[in-house]
Amino acid sequence: MTQKSFDDWLDVLETTEFEPTNEKLNTYQSYRFADLDIDKVTVENYASLLVPSLAQQVEVFIPPIGSFETADLRRYLELVCSYETSTTDIIMGLSLADQIRLAFSDMKTSTICDRYPDIGLAEKRRYRCVAEYLIRQGELTKLRDENGKLIKKIGNMQKAVVLYKPLPKLLETLKKSGLGHLIKKQQEAVPETTAQT
């Protein structure tokens, strides 16, 4: 590329009339936060402003049981909201929580490592944090034996990892969020055919 054509190419930036639009980005947000203005939520009015499942989730933090003040409650809601809106999925724009919901929508017990074998350690920690959030929501549970002890298996990094079991509410949430068409179909067992001799 000659200096002249290089300069001409740079001039394009100055001569175009491109203006970014002020339209809202086309991002997905969970029904739990779609119409919520977190700045208006207080420890006094949270029950009337939050959807019932979210209100139930935070009530343990509200006095007299908990010690949250309004600022604490808002920080918590912003964190949970980030689980429902942040994304590493550039193509579909799904929240991290919905990515996990969809990964477990086949309703089979599994680990985060099994569902996401190619993600790094730091990202796996984030996925486990979101899985804990889904546990508090009643959408996942950790698999336990009859004595209540966690059942673990050896994961990709040769460490014991928790098995997560999806619960029916996970599918309900996907349907309420308009993602029912993405639910994994449960494969039916194909009967083995015996070879005829």
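Scroll up a little and you will see the structure.
This one's a predicted model, so the numbers in the text were calculated from it and none came from an experiment.

### So, the overall build of the chain
Here is step 1: When helices and strands are counted, the chain shows eight helices and four strands.
Here is step 2: Scored against the burial criterion, the 197 residues of the chain give a buried share of 35%.
Here is step 3: Sequence-distant contacts, at least 24 apart, represent 58% of the contacts inside the chain between residues at least 6 apart.
Here is step 4: A total of about 13300 Å² of accessible surface is found on the chain, and carbon and sulfur atoms cover 54% of it.

### Considerations on the side chain of Ser110
Here is step 1: Its place among the elements puts Ser110 in the loop between helix H5 (96-103) and helix H6 (112-115).
Here is step 2: Looking at Ser110, the relative accessible area reads 7%, which means it is buried.
Here is step 3: Within polar-contact distance, the side chain of Ser110 engages the side chain of Arg115 at 3.1 Å.
Here is step 4: For Ser110, the residues in contact, after removing those within four places along its chain, are Phe104, Arg115, Val162, Leu163 and Tyr164.

### Focus: empty space enclosed by the protein
Over the atoms rolls a probe the size of a water molecule, and in doing so it shows where empty space is left.
Here is step 1: In this structure the tally under the stated criterion is one cavity of 30 Å³ or more.
Here is step 2: Taken as a whole, the largest cavity spans an internal volume of roughly 40 Å³.
Here is step 3: Lining the largest cavity we find Thr111, Ile112, Cys113, Arg128, Val161, Val162 and Tyr164.
Here is step 4: At the level of elements, H6 and strand S3 (160-162) are the ones that each hand at least two residues to the lining of the largest cavity.
Here is step 5: Across the lining of the largest cavity, the residue classes tally to five nonpolar, one polar and one charged.

### Quick notes on the layout of surface pockets
Here is step 1: Approximately 220 Å³ is the volume attributed to the largest pocket.
Here is step 2: Forming the boundary of the largest pocket are 15 residues, of which Leu121, Arg128, Lys159, Ala160 and Val161 lie nearest the centre.
Here is step 3: Elements with a contribution of two residues or more to the lining of the largest pocket: helix H7 (121-136) and S3.
Here is step 4: Looking at which element gives the most residues to the lining of the largest pocket, the answer is H7, with five residues.

### Topic: unusual backbone geometry
Here is step 1: A cis amide bond links Pro63 with the next residue in sequence, Pro64, at an omega value of 10 degrees.
Here is step 2: In this fold, Pro64 is placed in the loop between helix H3 (52-58) and helix H4 (70-85).
Here is step 3: Not every positive phi belongs to a glycine, and Met107 is a case in point at roughly 65 degrees.

About the cut-offs
Every chain is numbered independently, its residues counted from 1 as its sequence is written. Owing to the predicted nature of the model, reporting of local features is limited to residues with pLDDT of at least 70; listing and counting of side-chain atom pairs is limited to 80 or more, with chain, interface and lining totals taken over all residues. Side-chain metrics rest on all non-hydrogen atoms present in the structure, leaving aside hydrogens and water. Secondary structure elements are taken from DSSP: a helix is a run of H or I of four residues or more, a strand is a run of E of two residues or more, and numbering for both begins at the N terminus. For every residue, the accessible area obtained with a 1.4 Å probe (protein chains only) is divided by the maximum for its type, and the residue is called buried under 20%, exposed over 50%, and partly exposed between those limits. Contacts: residue pairs with any heavy atoms within 4.5 Å of one another. Accessible surface area values rest on a Shrake-Rupley calculation with a 1.4 Å probe, where residue burial reflects the displayed protein chains alone. Identification of polar contacts relies on pairs of N or O atoms within 3.5 Å, with a donor-acceptor requirement for protein atoms, meaning one able to donate a hydrogen and the other able to accept it, and with residues adjacent in sequence counted only if both atoms are side-chain atoms. Only protein atoms enter the 1 Å grid used here, on which a cavity is any set of points holding a 1.4 Å probe that cannot leave and a pocket is any open set flanked by protein within 12 Å on both sides along at least five of seven lines; residues with an atom within 4 Å of a point are listed as lining. Grid points are joined across faces, edges and corners, and a volume is the space filled by probe spheres set on the points. Under the convention adopted here, Pro, Cys and the residues Ala, Val, Leu, Ile, Met, Phe, Trp and Tyr are nonpolar, Asp, Glu, Lys and Arg are charged, and Gly plus all remaining residues are polar.

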